[in-house]
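Understanding the architecture of this molecule
Letter by letter, the chains look like this.
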Amino acid sequence: MELFNVLVSIPVSSQGGSLNVIQCDGSYTHTHGALEWSIPLVDKSSKSGTLEFSAAGDVESFYPVNVSFNMNRPYCDIKVTGVQAADSDRAVQFTTECSVITEQYVIE
């Protein structure tokens, strides 16, 4: 499985101290009260990554963590094998394109 454009968004208050990113695989931004960690690709050769940071707040203030990503194949191996016209059952030429986009994935 390959995940593209992985974005991990962690709530981080801008009040009460500064954010200090110690280590980051990929890239990050700090905007709108969240630390947004971006990883271009997660696959067999790059299964893990590290984001280490320090910030003021109690444990609950860093949740919920939101994760979004894209995939170019579905979880199951489903395929369109043919298309027929509804009024004549005649085979119709077709092409397919598959993508999986998360609407919401939350860690609480």
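To be clear, the structure that these remarks concern was listed above.
Our subject in this report is the structure included herewith. Just so it is clear, the model here is predicted, and its values are computed rather than measured.

Analysis parameters
- Residues numbered from 1 in each chain as written.
- Predicted model: local features only at pLDDT ≥ 70, side-chain atom pairs only at ≥ 80, totals over all residues.
- Heavy atoms only, no water.
- Helix = DSSP H or I, 4+ residues; strand = E, 2+ residues; numbered from the N terminus.
- Rg over C-alpha atoms; globule rule 2.2 N^0.38 Å.
- Buried < 20%, exposed > 50% of the residue type's maximum accessible area, 1.4 Å probe, protein only.
- Contact = heavy atoms within 4.5 Å.
- Areas by Shrake-Rupley, 256 points an atom, 1.4 Å probe, with all protein chains shown as cover.
- Lys, Arg positive; Asp, Glu negative; His and termini not counted.
- Charge placed at Lys NZ, Arg CZ, Asp CG, Glu CD.
- Phe/Tyr/Trp six-rings, centres within 6.5 Å; stacked < 30°, edge-to-face > 60°.
- Core = buried A, V, L, I, M, F, W, Y, C linked by side-chain atoms within 4.5 Å.
- 1 Å grid on protein atoms, 1.4 Å probe; cavity = no way out; pocket = protein on both sides within 12 Å on 5 of 7 lines; lining within 4 Å.
- Points joined across faces, edges and corners; volume = space filled by probe spheres on them.
- Nonpolar A, V, L, I, M, F, W, Y, C, P; charged D, E, K, R; others polar.

Things to note about the overall build of the protein chain
The number of helices and strands found in the protein chain is zero helices and eight strands. For the protein chain, the α and β elements follow one another from N to C terminus as β-β-β-β-β-β-β-β. Relative to its length of 108 residues, the protein chain is extended, with a C-alpha radius of gyration of 20 Å against a globular reference of 13 Å. Dimensions of the protein chain, computed from the C-alpha atoms along their principal axes, are close to 70 × 30 × 20 Å. Counting the 108 residues in the protein chain, one finds 19% classified as buried. Across the protein chain, contacts joining residues at least 24 apart in sequence account for 70% of those joining residues at least 6 apart. A total accessible area of about 8200 Å² is found for the protein chain, and carbon and sulfur atoms account for 49% of it. Charged side chains of the protein chain number 5 positive and 13 negative; the gap between the two group centres comes to 17 Å.

With respect to unusual backbone geometry
Cis peptide bonds are those with omega within 30 degrees of zero, and the linkage from Tyr-63 to Pro-64 qualifies with 0 degrees. Along the chain, Pro-64 falls in the loop between strand 5 (51-54) and strand 6 (65-71). A positive phi angle, near 50 degrees, is found at Asn-5, a position not held by glycine. Along the chain, Asn-5 turns up in strand 1 (residues 3-11). The phi torsion at Asp-89 lies on the positive side, around 60 degrees, for a residue other than glycine. For Asp-89, the position within the fold is in the loop between strand 6 and strand 7 (100-101). When its relative accessible area of 54% is taken as the criterion, Asp-89 is described as exposed.

Section: the packing of aromatic side chains
Within this structure, the stated rule accounts for one aromatic pair. Here the aromatic rings of Phe-53 and Phe-62 are separated by 6.0 Å at their centres, their planes lie at 70 degrees, and the arrangement is edge-to-face. What makes Phe-53 partly exposed here is its relative accessible area of 23%. Residue class for Phe-62 comes out buried when judged on its relative accessible area of 16%.

Some words on the nonpolar core
Val-6, Val-8, Ile-10, Leu-51 and Phe-69 are the most contacted members of the largest nonpolar core, which has 16 residues in total. Elements with a contribution of two residues or more to this core: strand 1, strand 4 (34-42) and strand 6. If near-sequence neighbours (up to four positions away) are discounted, Val-6 is found in contact with Trp-37, Ser-38, Ile-39, Val-42, Ser-68 and Phe-69.

So, the layout of surface pockets
For the largest pocket, the calculated volume is near 350 Å³. Classifying every residue of the lining of the largest pocket by side-chain character gives eight nonpolar, two polar and five charged.

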